[in-house]
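# Structural features, examined
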Amino acid sequence: MPESLYWILIALAIAGLLSVILEEVIHVNKAQSVLFFGALSWVLLFIFGSEAETHQRVMEGLQENIGEIASLWLFLLSAMTFVAYLNKKGLIENITYRFLPKNISERQLLLVTGLFSFVFSSLADNVTATLVSVALILSLNLSATKTLRFATVSVFAVNSGGVAMITGDVTTLMIFLADKVSIPHLLMLAGPALLAVVLLATLLARPLNDSVKIERQTNELQRVDVTIAIVFLLTIFATIAGNVLFDIPPVLSFISGLSVMFLVARAFGEDTENDPIMNYIRQIEFDTLMFFLGILLLVGSLKEIHALDSIVRIYEFLPAWAANYSMGLLSALIDNVPLTAALLKADVPMEMQDWLALTYAVGVGGSLLIIGSAAGIVAMTKINELTFGSYLRFIVALLIAYTVGYAATLALGTWIGS
């Protein structure tokens, strides 16, 4: 392929990023813009790769990219349908009010929200944890400025909670499967990750001086609602167990759970002509899915021209701890999965504690920008006030929390290695 194509695709990726950043200025939906740039990138790959061997390689790359996107789409569709049903029936709201006191300070509420997101993302995947956490935040009916603070802590906490579990973050699983770290060492990451979440909540809670009076509103639940909630929880646990024990893809587990949800609704008589259970699929924010499609197409095109491979060279000029810290910062701009894959493929020589630090960096670093993680993208599409610019206001606090968490991870790695 001509060298000019390399720079054209880089330019398209930058244009796609800028279209997200400047959405409020150009008044073009971010899903529409990144989808255009992502699709155009692959079209150019086929046009400039007309030679038989190159064409075949591009075709295989596209099929792999589309396969990854399809898995994510189907997983999101299943998880969002569950959450849409439970949210409309008021079950999430009921659970929230059950555990919250009648009166609580906003600072305490912010910390509780962060801890909830952290713990839940340790059990479920980041997307599901974000959907549930956002539903909780929106149910509190806070002002726009306060909702932004809660959403920021939630996104950071979701990414932090999943970093210590092989089922909580894809990059953690990748590094574990490459035999770079062990499960006991990964579990220890929960300490530094939790420290960073508490620190961020403390920093963002400073302007919050009011108290929140929780008006306990209980929604009458039917047996079918509780049963479907149990199916949702069992689906999450089955996803974890099935992936660890039998390497069952999470998307397959969630599709199975969704099918059980439909059958349960039918058995209880919930699936009626006036309220078909399938209608809850239509309540999904398809903007989210289209945005993911565009982003992953863009990243896939960069992977195809090996643009991410050059990033590995940073380890030739910086010590491992500094390079890993930089990888975390970079993961806020580049999807952490291909970034981690490039590092593993290059087999960068590092000690176990360095790989542990990298696990934290690429898992949490994406929180620095709202577009840097699946959790941020999902939250941005659910909360109108949450944009690239509004989230960027908290970059200093986010950077401090990330840095402290990373430093604690380095200290943990030094202690383990001694």
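Up top is the structure.
Below, the structure is looked at part by part.

## Some details on the overall build of the protein chain
Counting its regular elements, the protein chain contains 20 helices and 2 strands. In terms of overall dimensions, the protein chain has C-alpha extents of about 65 × 55 × 50 Å along its principal axes. The buried share of the protein chain, taken over its 418 residues, is 53%. Of all intrachain contacts in the protein chain linking residues separated by at least 6 positions in sequence, the fraction that spans at least 24 positions is 80%. Carbon and sulfur atoms make up 64% of the accessible area of the protein chain, which totals about 18800 Å².

## What to know about the pattern of salt bridges
Under the criterion given, the structure shown has 3 salt bridges. In this structure, the salt-bridge partner of Glu-64 is Lys-303, at a minimum N-O distance of 3.6 Å. Within this pair, whereas Glu-64 is found in helix H4 (residues 52-88), its partner Lys-303 is found in helix H14 (residues 286-304), the two being separated by 239 residues in sequence. On the basis of relative accessible area, Glu-64 is assigned to the partly exposed category, the value being 44%. Since its relative accessible area comes to 40%, Lys-303 is described here as partly exposed.

## Focus: the environment of Gly-49
Turning to its location among the elements, Gly-49 is positioned in the loop between helix H3 (30-48) and H4. Residues Gly-49 and Met-59 lie 10 residues apart in sequence; the distance between their C-alpha atoms is 9.8 Å.

Rules and cut-offs
Residues numbered from 1 in each chain as written. Predicted model: local features only at pLDDT ≥ 70, side-chain atom pairs only at ≥ 80, totals over all residues. Heavy atoms only, no water. Helix = DSSP H or I, 4+ residues; strand = E, 2+ residues; numbered from the N terminus. Buried < 20%, exposed > 50% of the residue type's maximum accessible area, 1.4 Å probe, protein only. Contact = heavy atoms within 4.5 Å. Areas by Shrake-Rupley, 256 points an atom, 1.4 Å probe, with all protein chains shown as cover. Salt bridge = Lys/Arg side-chain N within 4 Å of Asp/Glu carboxyl O.

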